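So you can see what is in the structure, the chains are spelled out below.
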Amino acid sequence: MRILVTGGAGFIGSHLIDRLMKQGHDVICLDNFFTGHKRNICHWMDNPYFELIRHDITEPIRLEIDQIYHLACPASPVHYQYNPVKTIKTNVMGTLNMLGLAKRVKARFLLASTSEVYGDPNVHPQPEEYRGNVNCIGIRSCYDEGKRVAETLAFDYHRQNNVDIRVMRIFNTYGPRMFENDGRVVSNFIVQALKGVPLTVYGDGSQTRSFCYVADLVEGMMRLMNNEHIGPINIGNPGEYTILQLAETIQKMIDPNAELVFKPLPQDDPKQRQPDITKAKNLLGWEPKIGLEDGLKITIEDFRSRLENGNT
Ligand code: NAD
Ligand code: UDP
């Protein structure tokens, strides 16, 4: 199949491309390199079945493809809040353009949505039926509401134009190739511990997240794409940790003497998050296999070697 991956030079997209290339597909990576990097995909550059297009999805594009994995969008709060209007444009105009493309060439379209559609949830764990608690004027809303509109667009194109959609709600994901300056909690804590600077815990660290290793996530994503269920389906690891527990785990694994410092909690930071993955289990036969410490071990080694080579 000829498969388009938007945001393919980013963290999750590049791991997805590795899997698709190994399966023998013809893969087109489309990226504007806002948070992505050629380094993540350069190992495929000489392969005739791989193409890289530098393009911003807020502009339309015409391509002949069978499937679209639509991932293009900055995912870290630091990056999506850098230019919030652009984040909204990417989610709304960008998703509109990619759905228009899917409609024209009759391609199956998978949206990489997010657990952020549940906002600061008051139902725990979060099942797909939960409609969320999002502050529509807060600093996270360019992303949260942007993704909610992206889901709306996908379902309207499905109902109105028969576009063959899949909607996946991704929970916090980590693994090799996260950027040193990504700003997300796993990469921040690992880089800080490796550099010997204090780990920055926001608030009192009692807020929770559930962390999924990237290989598990990509497996769930491909299963959803190639299954009959349109979703939305949560894909994440239900193992829930407080941020303080995460800091202490990374401290123990890298440097037991590493210091922790407490910084102010950002506005609208969700207090708890854990996926209900009953649907993914029953409909896709999927559940995560890699536990936090095993996944962290691989991620720490990746950061260690990149920091040693000045390649972050
Ligand atoms: P990332 O920032 O590493 O990758 C995003 C990619 O999209 C980058 O390569 C970036 O350059 C590209 N991009 C951004 N705006 C673009 C535009 N306008 N045109 C073309 N390319 C553009 O993030 P990631 O962690 O790999 O996330 C991938 C997708 O998964 C995103 O849609 C994100 O919202 C979703 N997601 C990720 C997580 C997570 O924990 N990583 C959680 C929930 C949802
Ligand atoms: N966080 C933290 N220290 C950091 C970065 C993040 O304590 O250096 C906290 C953040 O406030 C949030 C959690 O870790 O409660 C997860 O943050 P991240 O940005 O990784 O993802 P998101 O908030 O989007 O789930």
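One can find the structure itself at the top, above this paragraph.
Residues numbered from 1 in each chain as written. Chains lettered and ligands numbered in written order. Predicted model: local features only at pLDDT ≥ 70, side-chain atom pairs only at ≥ 80, totals over all residues. Heavy atoms only, no water.

1. Here's the deal with the pattern of salt bridges
As a reminder, the rule being used: Any Lys or Arg side-chain nitrogen located within 4 Å of an Asp or Glu carboxyl oxygen qualifies as a salt bridge.
A full pass over the atoms with the stated rule returns 20 salt bridges. A salt bridge links R166 to D164; the shortest N-O distance between them is 3.0 Å. Where salt bridges share partners, they join R19, E219 and R223 into one cluster.

2. A closer look at the environment of V92
To keep it simple, the criterion reads: Labels follow the DSSP assignment, with helices taken as runs of H or I lasting at least four residues and strands as runs of E lasting at least two, numbered in each case from the N terminus. Exposure is judged per residue with a 1.4 Å probe applied to protein chains only, and the accessible area is read against the type maximum: over 50% gives exposed, under 20% gives buried, and values in between give partly exposed. When checking whether two residues touch, look at their non-hydrogen atoms; a contact exists if any pair is within 4.5 Å.
By secondary structure assignment, the location of V92 is in helix α3 (residues 84-105). Using a relative accessible area of 25% as the deciding quantity, one classes V92 as partly exposed. Distance from V92 to H25, taken between C-alpha atoms, is 28 Å for residues 67 residues apart in sequence. Non-local contacts of V92, meaning those with residues more than four positions away in its chain, are made with V149 and L153.

3. Some remarks on the site of ligand 2
Here is the rule we go by: By convention in these notes, a residue is near a molecule or strand provided one of its non-hydrogen atoms lies within 4 Å of it. Counting of polar contacts relies on pairs of N or O atoms within 3.5 Å, with two restrictions inside protein: one atom must be capable of donating a hydrogen and the other of accepting it, and residues adjacent in sequence are counted only when both atoms are side-chain atoms. Residue exposure ignores everything except the shown protein chains as possible cover, and the areas themselves are Shrake-Rupley values with a 1.4 Å probe.
Near ligand 2 you find 18 residues, and of these T200, Y202, R209, D269 and R273 are the closest. At 2.9 Å, a side-chain N or O of R140 approaches an oxygen atom of ligand 2. One nitrogen or oxygen atom from the side chain of Q207 is found 3.0 Å from an oxygen atom belonging to ligand 2. Against a free-state accessible area of 520 Å², the protein chains account for coverage of 96% of ligand 2.

4. Observations regarding the site of ligand 1
Around ligand 1, 29 residues are found, and the nearest of them are D31, T35, L71, Y143 and R184. Note that a nitrogen atom of ligand 1 is positioned 3.0 Å from one of the side-chain N or O atoms of D56. A distance of 3.0 Å separates a nitrogen atom of ligand 1 from a polar backbone atom of I57. Alone, ligand 1 offers 810 Å² of accessible surface; in the complex the protein occludes 98% of this. Mapped by element, the contributors of at least two residues to the shell around ligand 1 are α1 (11-22), β5 (108-114) and α4 (141-161). Take the shell around ligand 1: its biggest share by element is 3 residues, from β5.

5. Some details on α1
The cut-off we apply is this: The span one expects for a helix is its residue count, reduced by one, times 1.5 Å.
With 12 residues, α1 ought to run about 16 Å at 1.5 Å a step, and its terminal C-alpha atoms sit 18 Å apart, in line with that. When you tally the buried positions in α1, you get 10 out of 12 residues, the bulk of the element. Within the span of α1, buried status applies to F11, I12, G13, S14, H15, L16, I17, D18, L20 and M21. Downstream of α1 by one or two residues, G24 has phi in the positive range, about 90°.

6. Structural notes on the packing of aromatic side chains
Two aromatic rings, taken as a pair, are described by how far apart their centres are and by the angle between their planes. Condition: In this scheme Phe, Tyr and Trp rings, the latter by its six-membered ring, pair at centre separations within 6.5 Å, and the angle between planes marks the pair as stacked below 30 degrees, edge-to-face above 60, and tilted otherwise. We call a charge positioned over a ring when the NZ of a Lys or the CZ of an Arg lies within 6 Å of the ring centre and within 35 degrees of the ring normal.
Inspection of every chain in the model, using the stated rule, returns 5 aromatic pairs. The interplanar angle of 70° and the centroid separation of 5.7 Å between the aromatic rings of Y174 and Y213 together place this pair among those described as edge-to-face. Placement of the pair is Y174 in strand β7 (residues 173-174) and Y213 in strand β10 (residues 212-213), with a sequence separation of 39 residues. Looking at Y174, the relative accessible area reads 0%, which means it is buried. Taken together, the ring pairs connect Y118, Y130 and F171 into an aromatic cluster. Positioned above the aromatic ring of F303 is the side chain of R306, whose terminal nitrogen or guanidinium carbon lies 4.5 Å from the ring centre.

7. Section: the layout of surface pockets
Gaps left between atoms are located by rolling a probe of water-molecule size over the structure's atoms. Threshold: Here a cavity denotes a set of grid points, spaced 1 Å apart and computed over the protein atoms alone, in which a 1.4 Å probe fits but from which it cannot get out, and a pocket denotes an open set meeting protein on both sides within 12 Å along at least five of seven lines; residues with an atom within 4 Å of a point are reported as lining. Grid points are joined across faces, edges and corners, and a volume is the space filled by probe spheres set on the points. Just so you know the grouping, Ala, Val, Leu, Ile, Met, Phe, Trp, Tyr, Cys and Pro go in nonpolar, Asp, Glu, Lys and Arg go in charged, and all remaining residues, Gly too, go in polar.
In this structure, the second largest pocket encloses a volume near 240 Å³. A total of 5 residues in the lining of the second largest pocket trace back to one element, the largest contributor, which is α4. Here the residues of the lining of the second largest pocket sort into 4 nonpolar, 1 polar and 7 charged.

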